[in-house]
Amino acid sequence: MKYSKPFIFSFITIAVAAIMAFSFNPFSNEVDFNTEIKPILNKHCAPCHGGVKKAANLSFLFSQEAINTKGKSGKVAIVPGDADHSEFYKRLITTDTEERMPKGKDPLKKEEIAILKKWIDQGAPWGDHWAYQKPEKPEVPSVGGFFARLGLIEDEDTRFAKNAIDHFILQKLKEEGLSHSKPADKGTLLRRVYLDLTGLPPTEEQLQTFLKDTSENAYEKVVDQLLASSAYGERWAAMWLDLARYADTKGYEADMYRNIWRYRDYVIDAFNKDKPFDQFTIEQLAGDLLPNPTNEQLIATGFHRNTMNNDEGGTIDEEFRVAATLDRVNTTFDVWQGTTMSCVQCHTHPYDPFRHEEYYKLMAFFNNARDEDIYTDTPYLRFYKPEDSTKIEEVKNWILAKGRNEKDFDKFVRTLEPKFNSHDVQPLSAGTSSLLSSRYIGFQHGGYGRLKGVTLTDKNRLIISYDWGTDKGILQIRDGKLDGSVILSIPAAHDTVMVYSLPKLEGKHDLYFTFTNPAKPKDWIQIKWFSFQKTFGEGKDYEPVELKYKEILNADADFTPIMNDGEGDLMRKQHIFERGNWLVHGKEVKADVPKYLAKMPNDYPKNRLGLAKWLVDGNNPLTARVAVNRFWEQLFGTGIVETLEDFGTQGFAPTNPELLDYLALTFQNDMQWSVKKLLKLMVMSGTYQQSSDVTKELVEKDPYNRFLARGPRIRLSAEQVRDQALLVSGLLSKKMYGKSVMPYQPDDLWLSPWSGESWKLSKGEDKYRRAIYTFWKRTTPYPSMMSFDAPSREFCQLRRLRTNTPLQALVTLNDPAYVEAAQELARNMLKKGKTPEEQIQAGFNLIMMRNIDSKKLQVLTRLFRKTEQEYTKHPVEAYKFFGRSDASPKMAAMAVTANAMLNLDEIVTKE
C-alpha cells in the first residue's frame, strides 16, 4: 500500500508531537524506601537492630519501632522531616568511634549517609516491600514503531510478538539496549517444547509430521497435543515432588519404607486433568477437612505426610512430631509464599515483617494433626479387598436402616481415627513397663501405666489393637487410680484388634493399665492403639454386625498415609517456643496468619482448610506471583524473581515486575488457575521460540539471559536425562502409576541393618519406566540422578541448582542403564545408512532433531573406526561389552559411539 507525501508528513508531525508530550515528566527527587533505603538498613543496621537482636531497644524492621521511637539512650532515633535532630543520623556522622554506627565496623559511604539524610528530611516515608503489596494488572506495552502500532506496517518487533509476554519482554530489552533473537529452527523448537511440556524428546516421526505441516497454527497444534498427553503430568509432577519432599522412605537413620506412592500418582493425575491450582492447593493442604472427602482428596493430603519419621529406638516421639509440624509451616510458606518462614521459628525475621509470635500462630493450623512420629505411620487411608468392602457396605446399610449416622463408622474403617496411640500411655513401673523400641507401650507381670484425662461420656466400646508375646496373663483397665475399680479385664489373645464393652461413665477419667502374668513374669505384651467409641447399635441383631466390624478392622488392607486432625481430647494447645526450643513453652496462641499479608476472612475456619483457602482466595499478594514464577523458571531456566525461595527483601528483585504481575493476575483471574493455559501462553510466546544462539554482545550485556534476548538453553533435569536416553533407544516403557520400581543401580549401596531392606532389580518393562517412578530412598537416593543434581528430598527443595561435574560424564558413560540404552540406539543407527557417517548422523538427528556439527561427526566416526578395529582383533571384548554371543565388532563399536554421543553436552541440554 502506498501513501501520499502529505499523508506521511502529517503522521510524522503527530508522532513527533506525541513523543515530546509523553517524554516530558517533571523531575522527581523523592527517595524510594524499598530500592534505596531498605537495602542500606538490611545490610548495615538489621544485624543488630532487627528481628534477631534489638540493640538499644531499637529495630529498623517495622516503622512503628523506628520512627519517633526512643532508644536506650532516651533520644529519638528518627524524627521525620528533621535528620539533624535524629539520633540515627547523628550516630552515622559522628567522629567518635565509640558512638558511631555501625558499631565496630567501617562507617557508611558518604553517598549512603546522604541518601539516608535526604529520606529523613523528606519525612522518612516507610514503604512496603513490592512482594507484600497486592498486585495490580499493568497495561500491556505497545510494540513496534509508530506506524506499526497504528497497523500501517509490520516491523521486526510486531513480527516477533506473539502475545502479551513479548510486549513486556520487548519493552525491557529496549530499556537494556538489547534486541530479540531470530526464531529457533523448527527441529530445535520442537525438541525444546517436547522436553519442556512432557519431559521427553520427540520421535523422528513426530518431527517429520511437524515439518510437513505448513499451516499457520502447526506449532500450536503440537503444543495442544503435548498438553493433552499423559506424559505431561509425569513431567510436571517430577517438579512438584521436589516441593512435596516426596520419597518412598521415612528418612533419618532407619529410613524405612513408606507406602505413599499413591500421592505421587495423585499429583501426576492432577496435572494431567489440569486441576485448577487453587483446588490443587486446597486438596493437598486440607483435603481431609473438606465435606465428605473423597479418597482422592484424602490421598492428596500426603503432601504434608511426606515429612520424615524417626523410627530409631530411643528417640522421643514428641520431639520428632514437633519437627514434622515445624517443617509443615516452613514448607507451606516456601512453596506457596516464597518466604523464608523458618527464620521466624527462633526470633522475629531479621529482614522481613514477620514476628516470632506469628510463626506459632501459623503452627497452630498444623498442630492438631494425628500423625505422631509413630512406627505404623498412621493415620492412613485403608484400601480394602472386595470381600471386605462388601462387609463395610453391609454394616453401613444396617446403621442407616436403624436411622443412625454412618459417618463415624465410615471414617474409622477408612482411617482408624480418632484413636489414642500407645505412647499416650505413660509407663509408671520401672523395669516392667516401657515404650518398647520407641514403638508400642509394653508391660510385664506387675507392670502398669496411666492414660490421663479421657472423656468417656457416651463411650461404651473400647477398640484395642494389641500383640501378646505370651499365652498367659490379664490386662486390666482401672478407673482413677492404680487400685481403682476395674473397668475392663482382657485375657491373653493373639495379635489382633478387639472390640470390648465398657460400663457407663461420664466426664474425664485417668485410666490405669495394669498387667498380671505370674506364670510367665518375663513375657511382654504390647498395646498398639486404642479408641473409645459409641456403639453403632444395640440388641442381639447388632452382635453379628459388631462381629463383622471387628473382622473389617482386622482385615489385611493396603494403605497410604494421610492428614487427619484430632478433636476433643486429641486437640492440642499451641504455645510459643522460646527461642525456638520445643521444650520451653511461652504464652498460648491461636491459629492466625501474619498481619503483614492479607487478613483471613472471619468466615474461614481456623484450621488447615481456612489457611488453604486464604492462600488462594485472590487476596494473598504472594501466591499467584510465586506460582507463575516457578513455572516460568522451569521453562526459561531462571525465574523472573531468580530466588524462587525468597521473595523477601533479601531475595532478588524481579527482572520484569510488570510481566510478573501481569502473569500472576492472568493466571489467577482470567485463567482461573489453569496451569495448562499458563504454560501454553508461555510456550506460544515469541520470547520462548527464539534461537538460543549466543552473540558476543549478549554475553557482555546479559551473560545469564535474565532479560531473554535469546531462547532458553539449560541442562536437562536428572529425570529428563534418563528418560531421553530410554526413549531414543526404544527402551522406554509407557506404563503409568503404581508402586515405585527399582531399575539398574550399583550393588551394595543400601545398608539397612534395621530392616533388612534391599534394592531388588525390577523385572521386565519396570526396569525401563520413567524416572519419576524410581524408588526414592532418602539416605541413599538413586545415584545417577543425584549426579545430575536431584535432591535427597529430606526437606522441601525449591529449585535445583545446576552443576557441571565429571561425575555426570561418568554416569552417562558407565551406568548400566545408559550403556544398555546406547546398545539399543546402536542397533537402530546401523539400520539408518550404509556408512558410519550416515549412521552416526542418523543417530544424532534422532536425538537432537538437527544435523551434527561436521567436526563432531569426524571425531565420532574416528571413534567408531578405531573401536571396530580393536574389537575385530579382540572379539571376546566385543562380547563382554555387548553381552550377546552374536555381537559383531561393528555392532559393539557403534554401541560405544552411541554411548559417547549420549554423553555430549548438547544431548543433555535443552537448546
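All of these numbers come straight from a predicted model, not from anything done at the bench.

(A) The arrangement of helix α16 (residues 356-366) in detail. Buried residues dominate α16, accounting for 10 of its 11 residues. Listed as buried for α16 are H356, E358, Y359, Y360, K361, L362, M363, A364, F365 and F366. Its buried side turned inward, α16 meets α15 (317-337), β14 (574-577), β15 (585-589) and α20 (608-616).

(B) Focus on the packing of aromatic side chains. On inspection of all chains with the given rule, the structure shows 43 aromatic pairs. Measuring from centroid to centroid gives 5.0 Å for F60 and F88, while their planes differ by 50°, and the two rings are tilted. Separated by 28 residues along the polypeptide, F60 in the loop between α2 (33-45) and α3 (87-93) and F88 in helix α3 bring together distant segments of the chain. Taking relative accessible area as the criterion, F60 reaches 5% and is therefore assigned buried. Here F530 and F532 contribute two aromatic rings whose centre-to-centre distance is 6.1 Å and whose plane-to-plane angle is 75°, an arrangement assigned as edge-to-face.

(C) Structural detail: the sheet that holds strand β6 (residues 448-455). Pairing is antiparallel across the open sheet formed by 5 strands, whose spatial order is β3-β6-β11-β8-β9. The strands lining the two open edges of the sheet, one partner per strand, are β3 (426-427) and β9 (486-491). As paired elements, strand β8 (residues 474-479) and strand β11 (residues 508-516) share 6 bridges and run antiparallel to each other. What sits directly across from I477, in β11, is F513.

(D) Spotlight on the environment of E578. With respect to the helices and strands, the residue E578 is situated in the loop between β14 and β15. The sequence separation of E578 and T301 amounts to 277 residues, and the corresponding C-alpha distance is 30 Å. With near-sequence residues (within four places) excluded, E578 lies in contact with V584, H585 and G586.

(E) Representation of empty space enclosed by the protein within the structure. Evaluation of the coordinates by the stated rule reveals 9 cavities of 30 Å³ or more. What lines the largest cavity is a set of 31 residues, among which R235, Q634, S717, Q720 and R800 lie closest to the centre. Of all the secondary-structure elements, those providing two or more residues to the lining of the largest cavity are α8 (186-198), α11 (230-243), α21 (623-636), β16 (714-715) and α25 (718-729). Looking at side-chain class alone, the lining of the largest cavity contains 11 nonpolar, 5 polar and 15 charged residues. Each pocket or cavity is described by its volume, and for the second largest cavity that value is around 120 Å³. The wall of the second largest cavity is formed by 14 residues, among which W632, T655, R706, F707 and L708 lie closest to the centre. Among the elements of the structure, α7 (164-175) and α21 are those that each provide at least two residues to the lining of the second largest cavity.

Each value, and the rule that gives it
- Residues numbered from 1 in each chain as written.
- Predicted model: local features only at pLDDT ≥ 70, side-chain atom pairs only at ≥ 80, totals over all residues.
- Heavy atoms only, no water.
- Buried < 20%, exposed > 50% of the residue type's maximum accessible area, 1.4 Å probe, protein only.
- Helix = DSSP H or I, 4+ residues; strand = E, 2+ residues; numbered from the N terminus.
- Contact = heavy atoms within 4.5 Å.
- Phe/Tyr/Trp six-rings, centres within 6.5 Å; stacked < 30°, edge-to-face > 60°.
- Pairing = 2+ DSSP bridges.
- 1 Å grid on protein atoms, 1.4 Å probe; cavity = no way out; pocket = protein on both sides within 12 Å on 5 of 7 lines; lining within 4 Å.
- Points joined across faces, edges and corners; volume = space filled by probe spheres on them.
- Nonpolar A, V, L, I, M, F, W, Y, C, P; charged D, E, K, R; others polar.

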